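One-letter residues, chain by chain:
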Amino acid sequence: MSSETPIPALSDLEYIPYLDEGGNLPESLSGKIGVYAIFDQEKTLQLVNYSRDIYVSLKQHLVRKHQFCYWLKVETIERPNRTRLETIRKAWIEENGEIPPGNGGDEAIWNHPIDAKKTMTDEDKLTYNKSEELGQIKLLKKIARRVEAEILEQLKARGVQDEIRFNPKLKEQGLLDLK
């Protein structure tokens, strides 16, 4: 793709529902390279990002910030080209007139594993500090599973049908990320 190819205006692209009537992510984006914009229920821009597999990225964002994932706009490209992807991303953010939360202060929440340790109760912290390494790992896995159950319940309430599987190894560190 040459640099001559015009950048599509975000406002010219159609909104795509984040989840279809069956509660599934757009399967057509599986394995697709491109730039995507995520909007909340009111169609307020929340995040502009790019990915080598848009479907996988959308699933991660849904798990991390489901309450803000209602609409999408997408531009796919055939071959990976970081410069092109970054150019489109930057143009869409500029077109928006302000930095979306997911590209600003909430960037880590949108893009990094969920830190279940942040939900530790005072009792959890006390137990953790008193425990040996194995006890700490067990406690972190328990806390991660508790947060996982809450997330899965929220996604179920949202009607999500896609299978959500978390990486079991990361739970030992109190982190949740999709497998």
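Caption draft 1: Fine view of the environment of E75. Within the secondary structure, E75 sits in strand β4 (residues 71-77). Apart from the residues lying within four places of it in its own chain, the contact partners of E75 are P8, L13, I33, G34, V35, I88 and W92.

Caption draft 2: Geometry of the packing of helix α4 (residues 122-130) against helix α5 (residues 133-157). Two elements in contact, α4 and α5, have axes whose closest approach is 9 Å; the angle formed by their N-to-C orientations is 155°. Classified by the interaxial angle, the pair formed by α4 and α5 is roughly antiparallel. Touching D124, T127 and Y128 of α4 are Q136, L139, L140, I143 and R146, all from α5.

Caption draft 3: Geometry of the nonpolar core. Core analysis: the biggest nonpolar cluster contains 30 residues, and Y18, I38, L58, L62, V63 and I151 have the highest contact counts within it. For this core, the elements supplying multiple residues, two or more each, are β2 (33-39), α1 (54-65), β4 and α5. One finds A37, L85, I88 and W92 within the second-largest nonpolar core, a separate group that totals 14 residues.

Caption draft 4: Geometry of the pattern of salt bridges. Tallied over the entire structure, the rule returns 8 salt bridges. For the salt bridge of R82 with E86, the shortest nitrogen-to-oxygen distance reads 3.9 Å. Placement of the pair is R82 and E86 together in helix α2 (residues 82-96), with a separation of 4 residues, close to one helical turn. Of the residues examined, E86 reaches a relative accessible area of 37% and is grouped as partly exposed. E94 serves as the salt-bridge partner of K90, at 3.1 Å between the closest nitrogen and oxygen. One end of the pair, K90, and the other, E94, are both in helix α2, 4 residues apart, so they sit about a helical turn from each other. The burial state of K90 is the same as that of E94; both residues are exposed.

Caption draft 5: Spotlight on the sheet that holds strand β3 (residues 45-51). Sheet architecture is open: 4 strands sit in the order β1-β4-β2-β3, paired in antiparallel fashion. At either margin of the open sheet sits one strand with a lone partner, and together these are β1 (16-17) and β3. Contacts from α1 reach β2, β3 and β4, with the element oriented near 25° to β2. The strands touched by α2 are β2, β3 and β4; relative to β3, the strand with the most contacts, the crossing angle is about 170°.

Here is what the cut-offs are and how they apply
- Residues numbered from 1 in each chain as written.
- Predicted model: local features only at pLDDT ≥ 70, side-chain atom pairs only at ≥ 80, totals over all residues.
- Heavy atoms only, no water.
- Helix = DSSP H or I, 4+ residues; strand = E, 2+ residues; numbered from the N terminus.
- Contact = heavy atoms within 4.5 Å.
- Axes fitted to C-alpha atoms, helices over the stretch in contact; angles between N-to-C directions.
- Parallel < 35°, antiparallel > 145°, perpendicular 65-115°, else oblique.
- Core = buried A, V, L, I, M, F, W, Y, C linked by side-chain atoms within 4.5 Å.
- Buried < 20%, exposed > 50% of the residue type's maximum accessible area, 1.4 Å probe, protein only.
- Salt bridge = Lys/Arg side-chain N within 4 Å of Asp/Glu carboxyl O.
- Pairing = 2+ DSSP bridges.

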